[in-house]
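In case you want the letters, here they are:
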Amino acid sequence: MLNRTLLQPARALSLDEVQRAAPSIFAESPHAKLSGRYTLIPTAKVLEALHDEGFVPTRVMQTRIRNESGIGTAKHLVRLRHRDQLDRPATVDAIVPEVVLVNSHDGSSSYQLHAGLYRFVCSNGMVIADGCIGSLSIRHTGNVVDAVIEGVYEIVKETPRLIERVADYRATSVSDREARVLAGAALDLKYEPDKAPIGPDQLIVPRRVEDHGMDLWSRMNVVQENLLRGGLRGQSANGRRLRTRAVASVSDDVRLNKALWRLAEEFARLKAAH
């Protein structure tokens, strides 16, 4: 039986915490390579407007880059949740819809909005594929702030449909053999063919007792956490022992999450067909 222990509710991050984790959110000028046609609308300004609408940041990340001159403008990701969701007690099997905001001030990204899900048991966030629920891209021109706010509400409006999809995944049983197939396909999303330093068996091992479910939702989350957080013992092509690295790129985080969701959708479709 699943342990339904109550967990501490998430909290909103302070602006100081956001700035320490992702300084490019507070950029005062764009990257020097951009032309004068680029309009700087700092992500911080957008976050202030969303705060007034009740949406607060609960997690941020910034892409790690080697060139220090680009740190202040690099691509970043902010996970947002309405403050009404923060004070509700949660059990380990609970999920909360989120809005995922991606942006940069170096020309590598427009303002992007994606639907997301936060799963309490592993404090992990998933980004949903476009095929299930719409994502939006907003250029750095015109009234960006209002466009982002409107987009956030469009994402939120579609989340009940997303929760229904999760219920379908929870009702879809997945055997160990099927889970290995799912994990093998997931490895191909991150690594070149036959160059993965780990095997499917490692990717389906839960990190905690609450994750030992035999349903598609549980299996997918175990695979997602192991793939994105890394830390698994493996071996390179030349035989060198290593540990897999956590995904530190905003683009890869979003890409892998979306691809995993599509993989789960296809898996559920095939299971239903049989």
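Residues numbered from 1 in each chain as written. Predicted model: local features only at pLDDT ≥ 70, side-chain atom pairs only at ≥ 80, totals over all residues. Heavy atoms only, no water.

1. Things to note about the overall build of the protein
Link 1 in the chain: A tally of regular secondary structure across the protein gives seven helices and ten strands.
Link 2 in the chain: Split into buried and exposed, the 274 residues of the protein put 49% on the buried side.
Link 3 in the chain: Contacts in the protein between residues at least 24 apart in sequence constitute 68% of all its contacts with a sequence separation of at least 6.
Link 4 in the chain: Accessible area of the protein: about 14,100 Å², with a carbon and sulfur share of 50%. (Helix = DSSP H or I, 4+ residues; strand = E, 2+ residues; numbered from the N terminus. Buried < 20%, exposed > 50% of the residue type's maximum accessible area, 1.4 Å probe, protein only. Contact = heavy atoms within 4.5 Å. Areas by Shrake-Rupley, 256 points an atom, 1.4 Å probe, with all protein chains shown as cover.)

2. Focus: the packing of aromatic side chains
Link 1 in the chain: Enumeration over the complete set of coordinates arrives at three aromatic pairs.
Link 2 in the chain: Measuring from centroid to centroid gives 5.6 Å for Phe 55 and Tyr 153, while their planes differ by 80 degrees, and the two rings are edge-to-face. Note that Phe 55 is positioned in strand β2 (residues 55-62) and Tyr 153 in helix α3 (residues 144-170), a separation of 98 residues in sequence.
Link 3 in the chain: Using a relative accessible area of 5% as the deciding quantity, one classes Phe 55 as buried.
Link 4 in the chain: By relative accessible area, Tyr 153 is classed as partly exposed at 37%.
Link 5 in the chain: When the ring of Trp 217 is compared with that of Trp 261, the centres are 6.5 Å apart and the planes differ by 80 degrees; the resulting orientation is edge-to-face. Here Trp 261 lies in helix α7 (residues 250-273) and Trp 217 lies in helix α6 (residues 216-229), a separation of 44 residues in the sequence.
Link 6 in the chain: These aromatic residues form a ring-pair network of at least three members: Tyr 169, Trp 217 and Trp 261.
Link 7 in the chain: If you follow Arg 81 out to its NZ or CZ, it ends over the ring of Tyr 118, 4.5 Å from the centre. (Phe/Tyr/Trp six-rings, centres within 6.5 Å; stacked < 30°, edge-to-face > 60°. Lys NZ or Arg CZ within 6 Å of the ring centre and 35° of its normal.)

3. Some points on the packing of α3 against α7
Link 1 in the chain: Packing of α3 against α7 leaves a shortest axis separation of 11 Å and a crossing angle of 55 degrees. By the criterion of interaxial angle, the relationship of α3 to α7 is oblique. Of the two possible hands of crossing, α3 and α7 adopt the one that is left-handed. Seen from α3, the contacting residues are Leu 162, Arg 165, Val 166 and Tyr 169; seen from α7, they are Trp 261, Ala 264, Glu 265 and Ala 268. (Axes fitted to C-alpha atoms, helices over the stretch in contact; angles between N-to-C directions. Parallel < 35°, antiparallel > 145°, perpendicular 65-115°, else oblique. Left-handed = near helix turned anticlockwise from the far one by under 90°.)

4. Quick word on the packing of helix α4 (residues 176-190) against α7
Link 1 in the chain: Orientation of α4 relative to α7, taken along the N-to-C sense of each, is 150 degrees, at an axis distance of 10 Å. Judged by the angle between their axes, α4 and α7 are roughly antiparallel. Between α4 and α7 lies a crossing of right-handed hand. Touching Glu 178, Leu 182, Ala 185, Ala 186, Leu 189 and Lys 190 of α4 are Arg 255, Leu 256, Ala 259, Leu 260, Leu 263, Phe 267 and Lys 271, all from α7.
Link 2 in the chain: Here the residues of the contact of α4 with α7 sort into nine nonpolar, no polar and four charged. (Nonpolar A, V, L, I, M, F, W, Y, C, P; charged D, E, K, R; others polar.)

5. Quick notes on the confidence of the model for the protein
Link 1 in the chain: The predicted model of the protein has a mean per-residue pLDDT of 86, with 88% of residues at 70 or higher.
Link 2 in the chain: The element-level mean pLDDT for the protein is lowest in strand β1 (residues 6-7), coming to 40, with helix α5 (residues 200-203) highest at 97.
Link 3 in the chain: Note that residues 1-8 has pLDDT below 50 and, in this model, 19 contacts with residues that lie over four places away or in other chains. (pLDDT = per-residue confidence, 0-100.)

6. Examining α7
Link 1 in the chain: With 24 residues, α7 should cover 34 Å at 1.5 Å per step; its first-to-last C-alpha distance of 35 Å lies within 8% of that length.
Link 2 in the chain: The backbone nitrogen of Ser 251 lies 3.3 Å from a side-chain oxygen of the residue at the head of α7, namely Ser 249. (Expected span 1.5 Å × (residues − 1). Polar contact = N/O pair within 3.5 Å; in protein donor to acceptor, adjacent residues only side chain to side chain.)

7. Points about the pairing of strand β5 (residues 95-103)
Link 1 in the chain: Of all nine residues in β5, eight are buried; the element is thus mostly enclosed.
Link 2 in the chain: As paired strands, strand β3 (residues 76-82) and β5 are joined by five bridges and run antiparallel to one another. Looking at β5, one finds that His 76 is bridged to Asn 103.
Link 3 in the chain: Strand direction decides the pairing type here: β5 and strand β6 (residues 111-119), joined by eight bridges, are antiparallel. Looking across to β6, one finds that Val 99 is bridged to Ala 115. (Pairing = 2+ DSSP bridges.)

8. Concerning the side chain of Thr 58
Link 1 in the chain: Among the secondary structure elements, Thr 58 is positioned in strand β2.
Link 2 in the chain: In this structure Thr 58 comes out as buried when scored by relative accessible area, which is 15%.
Link 3 in the chain: A distance of 3.3 Å separates the side chain of Thr 58 from the side chain of Glu 98, its partner in a polar contact.
Link 4 in the chain: Not counting residues up to four positions away in its chain, the partners in contact with Thr 58 are Arg 11, Leu 13, Arg 79, Arg 81, Leu 86 and Glu 98.

9. As for the pattern of salt bridges
Link 1 in the chain: Within this structure, the stated rule accounts for 15 salt bridges.
Link 2 in the chain: For Glu 158, the salt bridge identified is with Arg 161, shortest N-O distance 2.9 Å. You can see Glu 158 and its partner Arg 161 sitting in helix α3, three residues apart, about one turn around the helix.
Link 3 in the chain: Since its relative accessible area comes to 28%, Glu 158 is described here as partly exposed.
Link 4 in the chain: The network of salt bridges with shared partners includes Arg 119, Arg 208, Asp 211, Glu 225 and Arg 229. (Salt bridge = Lys/Arg side-chain N within 4 Å of Asp/Glu carboxyl O.)

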